[in-house]
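# Fold and geometry: a report
The residues making up each chain are set out below.
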Amino acid sequence: MSRLIRVFEYEKLTIHSKCSEGKELGEKVINKLWQYNDVNNNIYFDGIRNGVKFKHFVGVIQIGNITIEILPKADKRISTGDDKKQWHDALLKMLAKCKKIRVDSVSEASLKKRNHSLLDLYFELFIQEVNSLLEQGLIKKYRKNSGNLNALKGSLNFGKNVQHNLIHKERFYTTHQVYDYNHLINQILHKALLVLQTITNNSYLADSIIRTLGNFPEVEEKAINKGHFESLVANRKSTKYDEALKISKMILLNYSPDIKGGNENMLALLFDMNKLWEEYVYRLLAKHQDVNLKVSFQNSDKFWENKRIKPDIVLTKTNGAGNKEIFVIDTKWKVIDPKKPGDDDLKQMFAYNLYWNSSKSMLLYPSSDPQTTTFGDFHKGKEGDNKCKLGFVQVMKGDVLNNSLGREILNLLEFE
């Protein structure tokens, strides 16, 4: 039986933490988390006595029949079960906005299930995508095949022919072309289905996987790694595979069969909340682009030697006379005191203003109770306005995501 536990980023999880049905997590799960963190250079959480303390990564980890969801949180209030459900839904929608998952493809019934994990939603979407491809017809490709045939086909391999057919003169060892389903793209999908069959704890999804595998053509099973995905060449015919391959990549490259005890394999899909927040803000601002406003993402310029300077978001506003004004935003997913900005963050914004000739910049933070702030002046560095402020926005309005976030951010910049 599947057991779900939900925690917020920066919370602790110990052997005594309770799962959805009240059972303690246990020592075995914590040991696997420690192993996983060791393999990944301890970036995901800190080891503590009898447990772990999570960092700024959110998402889902499955170990055997235990599913752990790590959720974002933009305030310091004591959390409740309702908070976790709201932030579970919010994270799902943020992932959808940043094109990490297509929520519109997941069944409404699944979205309403209180204990349906993010991992189950990814699995359901993947199965739907593969079934759709099977209905349309999988792609066939030409490939070279070598073997003994009763008729001469392709080119004769003289060495192999002598080795295998010295007695059987009626046979021919040849290298020839075959047109079938046994190529890398289909092999990746097939391998991802096999992995899901191994790890899913959801009986409905397990039945769906069996049916999908039953409809899948015979292909070679191979161990898939990052190099296989990098070798794929996109073309017009393979476009329909894009979503299924994206989820296959997430499944296969985050599956850890080497971290196991008994049959308890591990799969983790974790996202850096700082990067997710940055992209989410960009996509909301991009909706307000027009002929007078350009929003650019992942900007970069040379800074010192081989180091580069990279503001999160740059806005360029053009007025009626054709004059341009530059604004820089750096997103920070953390809760701070509005009166105590970090010195390093302010120095960073000072450099951004110089490099991009920006008149105004802003450090943007999430908050459940946004404070009103004003622009402060940098005292040196450039001619004209050289200002920066701390901006605070409410990620959630009530129990849903704040749909007017983009406009509120522009208002904080005093956009007219």
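Higher on the page you've got the structure.
All values reported here derive from a predicted model rather than from experimental measurement.

### With respect to the side chain of R6
In this structure, R6 sits in strand β1 (residues 3-8). Of note is the side chain of R6, whose polar atom sits 2.8 Å from the side chain of E69. Side chain to side chain, R6 and H88 meet in a polar contact 3.3 Å long.

### Regarding the packing of helix α6 (residues 184-199) against helix α9 (residues 242-253)
Between α6 and α9, the least distance of the axes is 9 Å, while the angle of their chain directions is 50°. Taken together, the axis directions place α6 and α9 in an arrangement best described as oblique. Relative to α9, α6 is oriented so that their crossing is left-handed. Here I185, I188, L189, K191, A192, V195 and L196 of α6 come into contact with α9, specifically with A244, L245, S248, I251 and L252. Taken together, the residues that form the contact of α6 with α9 break down as ten nonpolar, one polar and one charged.

### Here's the deal with the packing of helix α10 (residues 273-286) against helix α12 (residues 405-412)
Orientation of α10 relative to α12, taken along the N-to-C sense of each, is 90°, at an axis distance of 8 Å. Classified by the angle their axes make, α10 and α12 are roughly perpendicular. Where α10 abuts α12, its residues W277, Y280, V281, L284 and L285 lie against L405, G406, I409 and L410. Taken together, the residues that form the contact of α10 with α12 break down as eight nonpolar, one polar and no charged.

### Some details on the sheet that holds strand β5 (residues 57-63)
Reading across from one edge, β1-β6-β5-β11-β10 is the order of the five strands in this open sheet, with mixed pairing throughout. The outermost strands of the open sheet, each flanked by one partner alone, are β1 and β10 (255-256). With respect to the sheet, helix α1 (residues 27-39) is in contact with β5, β6 (66-71), β10 and β11 (266-272), its orientation differing from that of β11 by roughly 60°.

### As for the sheet that holds strand β15 (residues 313-318)
Ordered by their spatial adjacency, six strands build an open sheet running β12-β15-β16-β17-β19-β18, and the pairing between neighbours is mixed. Where the open sheet ends on each side, the last strands, each with one partner, are β12 (293-297) and β18 (376-377). Two elements, β12 and β15, share five bridges in a ladder whose sense is antiparallel. Counterpart to F297 in the pairing with β15 is I313.

### Observations regarding a nonpolar patch on the surface
A contiguous nonpolar patch, built from F303, W304, L354 and Y355 and spanning about 430 Å² of accessible area, is present on the exposed surface. With respect to the helices, strands and loops of the structure, W304 is situated in strand β13 (residues 301-304).

### Points about the pairing of β6
Buried residues dominate β6, accounting for six of its six residues. Where burial is concerned, the two faces of β6 agree: the one with I66, I68 and I70 and the one with T67, E69 and L71 are both buried. Relative to β6, β1 is paired through six bridges, and the arrangement is parallel. When the sheet's bridge partners are listed, R6 is paired in β6 with E69. Relative to β6, β5 is paired through five bridges, and the arrangement is antiparallel. The residue of β6 that forms the bridge with I63 is I66. The hairpin formed by β5 and β6 contains two residues between the paired strands, and G64 there has a positive phi angle of roughly 60°.

Calculation rules
Residues numbered from 1 in each chain as written. Predicted model: local features only at pLDDT ≥ 70, side-chain atom pairs only at ≥ 80, totals over all residues. Heavy atoms only, no water. Helix = DSSP H or I, 4+ residues; strand = E, 2+ residues; numbered from the N terminus. Polar contact = N/O pair within 3.5 Å; in protein donor to acceptor, adjacent residues only side chain to side chain. Axes fitted to C-alpha atoms, helices over the stretch in contact; angles between N-to-C directions. Parallel < 35°, antiparallel > 145°, perpendicular 65-115°, else oblique. Left-handed = near helix turned anticlockwise from the far one by under 90°. Contact = heavy atoms within 4.5 Å. Nonpolar A, V, L, I, M, F, W, Y, C, P; charged D, E, K, R; others polar. Pairing = 2+ DSSP bridges. Patch = residues over 30% accessible without salt bridge, like charges linked within 9 Å, V, L, I, M, F, W, Y side chains within 5 Å. Areas by Shrake-Rupley, 256 points an atom, 1.4 Å probe, with all protein chains shown as cover. Salt bridge = Lys/Arg side-chain N within 4 Å of Asp/Glu carboxyl O. Buried < 20%, exposed > 50% of the residue type's maximum accessible area, 1.4 Å probe, protein only.

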